[in-house]
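# A structural walkthrough
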Amino acid sequence: MVILPELVLAAGALALFFVSLSKTPPVRIAKSVAVLFGLATFAAALLAFQSKGSLFYGAYAVDSYSQLFKALIGFSLAVLLIFGQNLKGISPEIRPEYYLFLLLSVLGLMMLVSSVELIAIFISLELSSFALYLLVPMRDDRTGSRVQMEAGMKYILFGVMATGFMLYGMSLLYGLTGTTYLKEIIAFLAKGNVQPTVLVAVLLVLAGFFYKLAVFPLHFWVPDVYQGASNETAGFIATLPKFGAVALLIRFLTVPTGQAQFLIELMAALALCSMFYGNLSALVQKDIKRMLGFSGIAHAGFVLLGLLALDRDGYGVAIYYIAGYVLMNLACFLVISNVSREGENLRIDDFNGLYKRQPLLAFVLAVGLFGLAGIPPFVGFMGKFMILTSALRAHHVVVVCLAAINTAIALYYYLSVVKAAYTVEPGEQAGRIAVNPLIQLTGVVLVLAITLLGALPARFIDFASAVVQTLH
């Protein structure tokens, strides 16, 4: 039970590996296996939610903190596999391999949130990252465009650079403390054995997590990778890896550096740069995935705001915010994947008259975008409100004012998509969109989750804050 979700994912990856060995892989079987194991992973995460234990000589900790993230990852994976099961942008002959690498990447994320030792963190992060690097160039090039190859190259080159920073920081921490275990590193630093090099080491390690979260200045890969990857792959990149990044950020930010004020000021500056760069760049985008990519950079800045207080309440709010952000992005990509006929990229004007072509998809899109814009009663509004309240409580008045300005800027480009869906007539070539009942049900579940989590945030935030308290 302790590692049940990981075992389910490993079994699913093994099953897909055997399916892919066939000369003519059965695509329908591969799809069924992937969806089945996606749902089984979520069920396993719920069954193992109360499990606790320590494995691999203390390098792998199963506690309430890691189990919360595993449940969130399992739910998001199940939703992603359900609405992306048609894989319109992936050639049928390589879909078994696509599902295989997808599950391996999620397995790496599951391992990542339980890793409490530097080498285990590095191995888990690389398992997740390299499987994901392979998913981007798998996009079908039937349109004659090879943009996915450029996106894949940029993704891996920026990823290798960020990994190099992180690995160098880990080596410095090991050299300074003589251990690779987070618990022992924290105990060493808590005795006052703090040097300026420690701060440099922590910042270098955080650079690897900032890359996953798409924080300025490690964000340059985002718009090109979102645009070049298939719709389903972009939906995956925009959601699940964020959980792993936030989980590790919180683990590392509990490491006392002795110079916390400098770390706070740096994160505040990076948060503001991310918000302004992301929102201002998104204003001029016509491609919906590029717009959501720049939007993700801005939202990464809001996540950092929740971490400025360096206390359990701020961490709990950050977990709440990233959970809401993932739900809202899943809603948007559900619509994108089903509006796109052949897996092509969509422009904002492709959503013209969506309320006539498919009313449910239009409603799901509107809820997702309203939430991202921070309009009540959805989770995006409550998330931003709690984030700003947390930063204000830590006396970051100027930062809060500038973040509020960014919230107003973001309204324009989010609502422009809703305007196209509800106030512009569809083109002559745009017909009705057929959506199967399972995807419709998934859309309804996402709408309910976004609404209920926004209307009733207290229990989730209190629980997230409580599990953060158990760290170290």
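Residues numbered from 1 in each chain as written. Predicted model: local features only at pLDDT ≥ 70, side-chain atom pairs only at ≥ 80, totals over all residues. Heavy atoms only, no water.

### Points about the overall build of the protein chain
For the record, the criterion: Starting at the N terminus, helices and strands are each numbered in turn, a helix being any DSSP run of H or I of at least four residues and a strand any DSSP run of E of at least two. Radius of gyration here uses only the C-alpha atoms, and the compact-globule reference equals 2.2 Å multiplied by the residue count raised to the power 0.38. Using a 1.4 Å probe on the protein chains alone, a residue whose accessible area is under 20% of its type maximum counts as buried, one over 50% counts as exposed, and one in between counts as partly exposed. Residues count as neighbours in contact if any of their non-hydrogen atoms are within 4.5 Å of one another. For the purpose of counting charges, residues Lys and Arg are taken to be positive, whereas Asp and Glu are taken to be negative. His and the chain ends are not included. For the purpose of locating charges, the reference atoms are NZ of Lys, CZ of Arg, CG of Asp and CD of Glu.
Within the protein chain, the secondary structure is distributed over 20 helices and 2 strands. Its C-alpha atoms give the protein chain a radius of gyration of 21 Å, within 12% of the compact-globule value 23 Å for 472 residues. Across its three principal directions, the C-alpha atoms of the protein chain cover 70 × 55 × 40 Å. The burial tally for the protein chain puts 60% of its 472 residues in the buried class. Taking as baseline every contact in the protein chain between residues at least 6 positions apart, the subset at least 24 positions apart corresponds to 81%. In the protein chain, 29 side chains carry a positive charge and 23 a negative one; their mean positions are 4 Å apart.

### Looking at helix H18 (residues 397–423)
Given 3.6 residues per turn, any residue in an α-helix points the same way as the ones three and four places further on. Put simply, the rule reads: Take the number of residues in a helix, subtract one, and multiply by 1.5 Å to get its expected span. Fitting one axis to the seven residues ending at a residue and another to the seven starting there, the bend at that residue is the angle between the two axes.
The terminal C-alpha atoms of H18, which comprises 27 residues, lie 38 Å apart, in line with the 39 Å expected from a rise of 1.5 Å per residue. The sharpest bend along H18 measures roughly 25 degrees and falls at leucine 411.

### A look at the pattern of salt bridges
Going by this rule: The term salt bridge refers to a side-chain nitrogen of Lys or Arg lying within 4 Å of a carboxyl oxygen of Asp or Glu.
This structure, assessed with the given rule, holds 6 salt bridges. A salt bridge links arginine 290 to aspartate 224; the nearest nitrogen and oxygen atoms lie 3.1 Å apart. Within this pair, whereas arginine 290 is found in helix H13 (residues 288–307), its partner aspartate 224 is found in helix H9 (residues 222–228), the two being separated by 66 residues in sequence. By relative accessible area, which is 18% here, arginine 290 ends up buried. Given a relative accessible area of 22%, aspartate 224 falls into the partly exposed group. Counted as one network, the salt bridges with shared partners bring together Glu150, Lys154, Asp224 and Arg290.

### Some thoughts on the packing of helix H1 (residues 4–20) against helix H4 (residues 95–114)
Just so we agree on the cut-off: The axes are straight lines fitted to the C-alpha atoms, using for helices just the contacting stretch, and the angles between their N-to-C directions are given from 0 to 180°. Geometric relationships in this document are graded by angle, where less than 35 degrees denotes roughly parallel, more than 145 denotes roughly antiparallel, 65 to 115 denotes roughly perpendicular, and other angles denote oblique. By the definition used in this description, the sense in which the near helix is turned from the far one sets the handedness, with an anticlockwise turn below a right angle giving left-handed and a clockwise turn giving right-handed.
It is the contact of H1 with H4, at a shortest axis distance of 9 Å, that shows an interaxial angle of 160 degrees. Considered as vectors, H1 and H4 are oriented roughly antiparallel to each other. Here H1 and H4 pass one another in a crossing that is left-handed. Residues Pro5, Glu6, Leu9, Ala10, Gly12, Ala13, Leu16, Phe17, Val19 and Ser20 of H1 pack against Pro96, Glu97, Tyr99, Leu100, Leu103, Leu104, Val106, Leu107, Met110, Met111 and Ser114 of H4.

### Some thoughts on the packing of aromatic side chains
The line we're drawing: Pairs were defined over the aromatic rings of Phe, Tyr and Trp, the Trp ring being its six-membered one, requiring ring centres within 6.5 Å. Orientation was assigned from the angle between planes: stacked under 30 degrees, edge-to-face over 60, tilted for the rest. Here, over-ring charges are defined by two tests on the NZ atom of lysine or the CZ atom of arginine: distance to the ring centre within 6 Å, and angle to the ring normal within 35 degrees.
Counted under the stated rule, the structure contains 21 aromatic pairs. Connected via pairs of aromatic rings, a cluster forms that spans Phe130, Tyr133, Tyr155, Tyr211 and Trp221. Above the ring of phenylalanine 302, the side-chain terminus of lysine 384 is found at 5.1 Å from the ring centroid.

### Considering the nonpolar core
Where a protein is soluble and globular, its nonpolar side chains tend to be buried together. Note the threshold: By nonpolar core is meant a set of buried Ala, Val, Leu, Ile, Met, Phe, Trp, Tyr and Cys residues that side-chain atoms within 4.5 Å join together.
Core analysis: the largest hydrophobic core is formed by 170 residues, its most contacted members being Leu305, Phe351 and Leu354. Of the residues forming this core, the biggest block, 20 residues, is contributed by helix H14 (residues 312–339). When sequence neighbours within four positions are dropped, the list of residues in contact with leucine 305 reads Ala271, Met275, Ile387, Leu388, Ala391, Val399 and Ala403.

### Some details on a nonpolar patch on the surface
For clarity, the cut-off: Candidate patch residues must exceed 30% relative accessible area and have no salt bridge, after which like charges are joined if within 9 Å and Val, Leu, Ile, Met, Phe, Trp or Tyr side chains if within 5 Å. Method for areas: the Shrake-Rupley scheme with a 1.4 Å probe, in which residue coverage is limited to the protein chains shown.
A cluster of nonpolar side chains, contributed by Leu14, Phe17, Phe18 and Leu21, occupies part of the molecular surface with about 420 Å² of accessible area. Here phenylalanine 18 is to be found in helix H1.

### Some remarks on H13
Just so we agree on the cut-off: Residues adjacent in sequence count toward polar contacts only when both atoms are side-chain atoms; beyond that, a polar contact is any pair of N or O atoms within 3.5 Å, and within protein one must be able to donate a hydrogen and the other to accept it.
End to end, H13 covers 29 Å across 20 residues, agreeing with the expected 28 Å (1.5 Å per residue, within 8%). With respect to burial, H13 is a largely interior element, 20 of its 20 residues being buried. Measuring from the backbone nitrogen of lysine 289 back to the side-chain oxygen at the start of H13 gives 2.9 Å, which picks out aspartate 287 as the cap.

### Here's the deal with the environment of lysine 419
If you trace the backbone, lysine 419 turns up in helix H18. Taking the C-alpha atoms as reference points, lysine 419 and aspartate 349, 70 residues apart in sequence, are found 9.9 Å from one another.

### Thoughts on the environment of leucine 77
The topology assignment puts leucine 77 in helix H3 (residues 64–83). In this structure leucine 77 touches Leu9, Gly38, Thr41, Leu103, Val106 and Leu240, once residues within four positions along its chain are discounted.

### Observations regarding the packing of H3 against helix H19 (residues 437–455)
Basically, it comes down to this: By the convention adopted, Pro, Cys, Tyr, Trp, Phe, Met, Ile, Leu, Val and Ala count as nonpolar, Lys, Arg, Asp and Glu as charged, and the other residues, Gly among them, as polar.
Where H3 meets H19, the closest approach of the two axes is 9 Å, and the angle between their N-to-C directions is 145 degrees. At the point where H3 passes H19, the crossing takes the left-handed sense. In contact with Phe75, Val79, Ile82 and Phe83 of H3, H19 contributes Leu438, Ile439, Thr442, Val445 and Leu446. Among the residues forming the contact of H3 with H19, the class breakdown is 8 nonpolar, 1 polar and no charged.

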